[in-house]
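Per-entry structural report
As a plain string of letters, each chain reads:
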Amino acid sequence: MATSLHTKITALSALTLLSALSFSAHADKLADIKAAGVVKVATFDANPPFGAIDPKSHDIVGYDVDFAKALAKSLGVKLELVATNPANRIPLLQSGKVDLIVADITITPERAQVIDFSTPYFVTGQQFLVPATAADKLEAYSKARIGAVKGTTGEQTLHQRFPQSRVLAYDDIPLALTALRNGNVQAITQDSTILAGLLAEAPDKAKFKILPDLLSKEEIGVGVGKGETALLKAVNDELVNLEKSGDAAKIYDTWFGPQTKTPAPRSFKIEAK
């Protein structure tokens, strides 16, 4: 009886240990990435200058893409970009279809409950794009029809800041601009740099203007699966290294420097948490 009980306890202990090891292996996304030799990264393909299709190469290029490339290189693996839109970013990560989100995703307390975030690698603010003849003050739009991109903090901020406005959500920013052109909305909102990029590419840009006042301040981070501490540390270490080496500033200048279509001074540095 004692021997049988001891055998059962030993077997149970072994099973518990095996389950713990299995969970540990499953939970270590960094080890999985290195074993696979590839990191899958969700990024935008219609959100310049963060991510968009290059008309010549047909590749996805942009600020986010350059950071994704640097992260893949630091991990010693190949990069696989997975095109997404704002609403699908977190579901792709949670379902395991991607390993990281590098897609202009703002760090918020709500999102931080379901995914982890790196230290910010970009800081921006939310602004309005309106017709050139429209009012210059944000408060003039408190009861207006305003377009935002579905699943973004811009959409949430509008509901909080202007509860009497009518918020219309679109799948991406080009669709929101079309709605503004058609008069379906009186303003659209997005991060300042994205609006600058959108306006720079618009053939009718003289018909619009970006209002100077910021609706909010946004810190952008890399999205990592909840509890993936090893992967998060690897991402944070590389982001800080990119800042120290000057490469982060070079990437910024490539997309936001004086010679670009979306010039904006760099008012932040990537710092360890």
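Residue numbers here run from 1 along each chain, matching the order of that chain's written sequence. Totals for whole chains, interfaces and linings use every residue, but because this is a predicted model, local features are given only for residues with pLDDT of at least 70 and side-chain atom pairs only at 80 or more, for both listing and counting. To get the side-chain values, all heavy atoms of the structure are used, and hydrogens and water are removed first.

Here we come to the overall build of the protein chain. Think of it this way: any DSSP run of H or I at least four residues long counts as a helix, any run of E at least two long counts as a strand, and we number them from the N terminus. A count of helical and extended segments in the protein chain gives nine helices and 13 strands. Principal-axis analysis of the C-alpha atoms gives the protein chain an extent of 90 × 40 × 35 Å. A separation threshold of at least 6 residues defines the contact pool for the protein chain, and within that pool the share at least 24 residues apart is 68%. Just so you have it, the protein chain exposes about 13800 Å², and 56% of that area is on carbon and sulfur atoms. The criterion used for residue contact is that any of the two residues' heavy atoms lie within 4.5 Å. Methods summary: accessible areas were calculated by the Shrake-Rupley approach with a probe of 1.4 Å, and residue burial reflects only the protein chains presented.

Turning to the packing of helix α6 (residues 173–182) against helix α7 (residues 192–201), a few remarks are in order. Working convention: axes come from line fits to C-alpha atoms, limited for helices to the stretch in contact. Angles between N-to-C directions cover 0 to 180 degrees. Relative orientation of the contacting elements α6 and α7 amounts to 65°, with a least axis distance of 11 Å. Considering the relative orientation of α6 and α7, their crossing is right-handed. Two secondary-structure elements touch here, α6 through I173, P174 and L177 and α7 through I194, L195 and L198. Ten residue types, Ala, Val, Leu, Ile, Met, Phe, Trp, Tyr, Cys and Pro, are classed as nonpolar, four, Asp, Glu, Lys and Arg, as charged, and the remainder, Gly among them, as polar. For the contact of α6 with α7, the residue count by class is six nonpolar, no polar and no charged. In a left-handed crossing the near helix is turned counterclockwise from the far helix by less than a right angle, and in a right-handed crossing that turn is clockwise.

Glancing now at the packing of aromatic side chains. Two rings belonging to Phe, Tyr or Trp (six-membered ring only in the last case) form a pair when the distance between their centres is within 6.5 Å. Interplanar angles under 30 degrees mark stacking, angles over 60 mark edge-to-face geometry, and anything in between is tilted. Going through the model one piece at a time under the given rule, you end up with 16 aromatic pairs. Ring centres 5.0 Å apart and planes at 50° place the aromatic pair F67 and Y121 in the tilted group. Of this pair, F67 sits in helix α3 (residues 63–75) while Y121 sits in the loop between β7 (115–117) and β8 (122–131); the two residues are 54 residues apart in sequence, bridging distant segments of the chain. Like Y121, F67 is buried. Ring centres of Y252 and F256 lie 4.9 Å apart, and the angle between their planes is 35°; on these two criteria the pair is classed as tilted. Of this pair, Y252 and F256 both sit in helix α9 (residues 247–256), four residues apart, roughly one helical turn. Take Y252 and F256: they sit in the same class, and that class is buried. Through a chain of ring-to-ring contacts, the aromatic side chains of F50, Y63, F67, Y121, F122, Y252, F256 and F268 assemble into a single cluster. Here, over-ring charges are defined by two tests on the NZ atom of lysine or the CZ atom of arginine: distance to the ring centre within 6 Å, and angle to the ring normal within 35 degrees. Positioned above the aromatic ring of F268, the side-chain terminus of R266 is 4.7 Å from the ring centre. Each residue is placed in one exposure class: buried if its accessible area under a 1.4 Å probe, protein chains only, is under 20% of its type's maximum, exposed if it is over 50%, and partly exposed if it falls in between.

This next bit is on the sheet that holds strand β2 (residues 46–47). By way of backbone hydrogen bonds, the strands of a sheet pair with one another, either parallel or antiparallel. Here, strands pair whenever DSSP counts at least two bridges between them. With antiparallel pairing, the three strands of this open sheet are ordered in space as β2-β3-β4. Of all strands in the sheet, those with a lone pairing partner are β2 and β4 (60–61), marking the two edges. The pairing of β2 with strand β3 (residues 51–53) spans two bridges and is classified as antiparallel. Among the inter-strand pairings, A46 is bridged to a residue of β3, identified as A52.

Let us look at the pairing of strand β10 (residues 166–170). Of the strand pairs in this sheet, strand β9 (residues 145–149) and β10 are connected by five bridges, and their pairing is parallel. Residue R145 lies in a different strand from β10, and its bridge partner there is R166. With respect to chirality, the unit in which β9 leads through helix α5 (residues 153–161) into the neighbouring parallel β10 is right-handed. The crossover handedness rule: strands pointing away from the viewer, path from first strand over the helix to second strand clockwise, crossover right-handed.

All right, on to the confidence of the model for the protein chain then. A score from 0 to 100, pLDDT tells how confident the predictor is in each residue. On average, residues of the protein chain carry a pLDDT of 90, and 90% of them reach 70 or more. Considering only residues more than four positions removed or in separate chains, one finds that residues 1–12, a stretch of pLDDT under 50, has zero contacts. In this model residues 18–26 is a low-confidence stretch, pLDDT under 50, and it forms three contacts with partners more than four residues away in sequence or in other chains.

Take the pattern of salt bridges next. The rule for a salt bridge is simple: a side-chain nitrogen of Lys or Arg has to be within 4 Å of a carboxyl oxygen of Asp or Glu. All told, the structure shown has nine salt bridges when counted by the stated rule. K29 is paired through a salt bridge with D99; the nearest N and O atoms lie 3.6 Å apart. Here D99 lies in the loop between α4 (89–94) and β6 (100–106) and K29 lies in helix α2 (residues 29–36), a separation of 70 residues in the sequence. Ionic pairing is found between R181 and D204, a salt bridge with its closest N-O pair at 2.7 Å. Of the two residues, R181 is situated in helix α6 and D204 in the loop between α7 and β12 (208–210); the sequence distance between them amounts to 23 residues.

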